[in-house]
Amino acid sequence: MRVLVVLHGSVTKTEGGNEYKREKNEFQEKCLEAHLGWIPRNILRGPINSSWFQSPTLLLTGIPGLEAVQIWISIPLCVMYLIALLGNCIILFVIKNTSSLHDPQYIFLSMLATTDVGLSLSTLPTVLSVFLLNHREIEFHSCLTQMFFIHTFSSRESAILLAMAFDRFVAIRNPLHYTVVLTSPRIMGMGIAAMVRAVVLMVPLPILLKRLSFCRDVILSHCYCYHPDVMKLACGPVRVNIIYGLSLVLCSFGVDSVFIVISYILILKTVLGIASEDGQLRALNTCISHIFTVCIFYVPLIVLALIHRFGTFTSPLLHVTMANLFLFLTPVLNPLVYSLKTKQIRSAVHKVLRARRNLLK
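All residue numbers refer to position in the chain's written sequence, counted from 1. In view of the model being predicted, local features appear only for residues whose pLDDT reaches at least 70, and side-chain atom pairs are presented and counted only at 80 or more, with totals across whole chains, interfaces and linings using the full set of residues. The basis for every side-chain value is the complete set of heavy atoms in the structure, and neither hydrogens nor water enter the calculation.

### What about unusual backbone geometry?
In step 1: Of note, Asn134 is a non-glycine position whose phi angle comes to about 55 degrees, a positive value.
In step 2: Within the element layout of this structure, Asn134 appears in the loop between helix 3 (104-133) and strand 4 (137-139).
In step 3: You can call Asn134 exposed: its relative accessible area is 54%. The numbering of helices and of strands both runs from the N terminus, where a helix is a DSSP run of H or I of at least 4 residues and a strand a run of E of at least 2. Buried, partly exposed and exposed residues are distinguished by accessible area as a fraction of the type maximum, computed with a 1.4 Å probe on protein chains only: under 20%, between the cut-offs, and over 50%, respectively.

### Concerning the packing of aromatic side chains
In step 1: Put simply, two rings from Phe, Tyr or Trp (the six-membered ring, in Trp's case) pair if the centres are within 6.5 Å, and we call them stacked under 30 degrees between planes, edge-to-face over 60, tilted for the rest. In the structure shown here, the tally under the stated rule is six aromatic pairs.
In step 2: Look at Phe149 and Phe153: their rings are 6.4 Å apart centre to centre, the planes differ by 25 degrees, and that puts the pair in the stacked class. Of this pair, Phe149 and Phe153 both sit in helix 4 (residues 140-173), four residues apart, roughly one helical turn.
In step 3: Judged by its relative accessible area of 38%, Phe149 falls in the partly exposed class.
In step 4: Relative accessible area serves as the criterion here: at 17%, Phe153 is assigned to the buried category.

### Remarks on helix 4
In step 1: In a helix, the anticipated span is given by 1.5 Å times the number of residues less one. Across its 34 residues, helix 4 extends 50 Å between first and last C-alpha, which sits within 8% of the 50 Å expected from 1.5 Å per residue.
In step 2: Counted residue by residue, helix 4 has 28 buried out of 34 residues, so it is predominantly covered.

### A closer look at helix 10 (residues 277-285)
In step 1: What helix 10 keeps buried is the set Gly279, Gln280 and Ala283. Considered in projection along helix 10, the buried side chains sweep an arc of 100 degrees and stay on one side of the axis. For helix 10, exposure combined with an orientation more than 90 degrees from the buried face picks out Glu277, Leu281 and Arg282.
In step 2: Only heavy atoms matter for contacts: two residues are in contact if any of them lie within 4.5 Å across the pair. Residues of helix 10 that are buried sit in contact with helix 4 and helix 9 (239-272). To obtain the arc, one takes the directions from the helix axis to the C-beta atoms.

### With respect to the packing of helix 4 against helix 6 (residues 184-202)
In step 1: Close contact between helix 4 and helix 6 brings their axes to 8 Å; oriented N to C, the two are set at 145 degrees. The way helix 4 lies across helix 6 gives a crossing that is right-handed. Each of Phe148, His151, Thr152, Ser155, Arg156, Ala159, Ile160, Ala163 and Phe166 in helix 4 lies in contact with helix 6, whose residues at this interface are Met190, Gly191, Ala194, Met195, Arg197, Ala198, Val199 and Met202.
In step 2: Under the convention adopted here, Pro, Cys and the residues Ala, Val, Leu, Ile, Met, Phe, Trp and Tyr are nonpolar, Asp, Glu, Lys and Arg are charged, and Gly plus all remaining residues are polar. Here the residues of the contact of helix 4 with helix 6 sort into eleven nonpolar, four polar and two charged. For every element, the axis is a line fit to its C-alpha atoms; helices are fit only across the contacting stretch, and the angle between N-to-C directions ranges from 0 to 180 degrees. In this scheme the handedness of a crossing depends on how the near helix is turned from the far one: anticlockwise by less than a right angle means left-handed, clockwise means right-handed.

### Quick word on the pattern of salt bridges
In step 1: What makes a salt bridge here is a side-chain nitrogen of Lys or Arg within 4 Å of a carboxyl oxygen of Asp or Glu, nothing more. A complete count under the given rule lists three salt bridges for this structure.
In step 2: Notably, a salt bridge pairs Arg282 with Asp278, separated by 2.3 Å at the nearest N-O pair. One end of the pair, Arg282, and the other, Asp278, are both in helix 10, four residues apart, so they sit about a helical turn from each other.
In step 3: Taking the relative accessible area as the measure of exposure, Asp278 reaches 48% and is therefore partly exposed.

### Some thoughts on the environment of Ser154
In step 1: Along the polypeptide, Ser154 turns up in helix 4.
In step 2: Classification of Ser154 by relative accessible area gives buried; the value is 2%.
In step 3: Taking C-alpha positions, Ser154 is 8.3 Å from Ala198, a pair spaced 44 residues apart along the chain.
In step 4: Discounting residues that sit within four places of it in the chain, Ser154 has contacts with Leu119, Phe253, Phe297 and Phe326.
In step 5: A distance of 2.7 Å separates the side chain of Ser154 from the backbone oxygen of Ile150, its partner in a polar contact. Whenever two N or O atoms come within 3.5 Å, that pair is a polar contact, provided that in protein one can donate a hydrogen and the other can accept it, and provided that, for residues adjacent in sequence, both atoms are side-chain atoms.

### Concerning the confidence of the model for the protein
In step 1: Predicted confidence across the protein gives a mean pLDDT of 81, with 81% of residues reaching 70 or more.
In step 2: For the protein, the element scoring lowest by mean pLDDT is strand 1 (residues 4-5), at 37; helix 6 scores highest, at 95.
In step 3: Confidence drops under pLDDT 50 across residues 1-17; counting only partners more than four residues distant or on other chains, this segment forms 26 contacts.
In step 4: The pLDDT value tells you how sure the predictor is about a given residue, anywhere from 0 up to 100. Confidence over residues 31-51 falls short of pLDDT 50; this stretch has 42 contacts with residues more than four positions distant or in other chains.

### A few points about the state of the cysteines
In step 1: Criterion for a disulfide: a pair of cysteine sulfur atoms at a distance within 2.5 Å. In this structure the tally under the stated criterion is one disulfide.
In step 2: As a non-bridged cysteine, Cys223 has Cys225 as the owner of its nearest cysteine sulfur, 10.0 Å distant.

### Let's talk about the environment of Phe214
In step 1: Inspection of the secondary structure assignment puts Phe214 in the loop between helix 7 (204-210) and helix 8 (227-231).
In step 2: Put simply, Phe214 and Val230 are 16 residues apart on the chain and 9.7 Å apart in space, counted from C-alpha to C-alpha.

Below you can see the structure in the form of structure tokens.
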């Protein structure tokens, strides 16, 4: 690999304190030495201003300003991961083993739970590594792999939420033909299509990033790898990455959100056509869990996208907060919302727990 190094220079970007700059310079020297083993160490001494290279290692970031208490922050994070993984696995187990929950609505819910488990497992290694072990380094290709899975599961979740909105529309608009329209083959086809679309759209992301060189600091803004965050470290032209990233957001999250809104407009129109007020409330009540899930998924996602596009002067703490809300909130709250709000799920969970308790006696 051809590498251009500015041997003598000064750090032109103040990052906040001599200790931070010393840490950044030492880390950049380490990255350069990993690539340039044939260059004597004394040549690389001194602060590095700009270097063209593809860093073998990137540096993750916890919560700015709270580095001293990260070990304590790891405790609620571990609890959140436990709730997300255990809660979604319980929902999957209950739906699989309860024949009355094999309706289309609950099959879509099982797809959502599977996606949330995948999303949680994608971020768990680096998040706990940063907060629990204070280990911030991540290998470049591992970062690209994690980024691919995070964006793939996020895109799939968006598609599943759209499928669930269509499910609610069919159930309210034409309840007598509900199981005729949403047959098992069609439901499985929608789930496979959601996964295929996510994979096809996200595969180019790591490929486009891998062709870039990195000449700035190699410190990421989050405790996981996020495409706009990694892209900002590049020193070469990133127009293709920006255009594709924007197209990807519009083609997946943008299209899904528009059709979700259209679905609920049609649902509301149908509900208003119901004669009795009690019937209207019952119909809307079946949508509350899904509406809440859509909000906790899309609101942090939209805010995070706007921050990365236009939030040059916003606080780093806001970046980290919205990024963590986007990744942690949905997998944690989804099983709680559906377990508490959906009577059938709640009853099935209680039944399973009672059976397990009686088995242990």
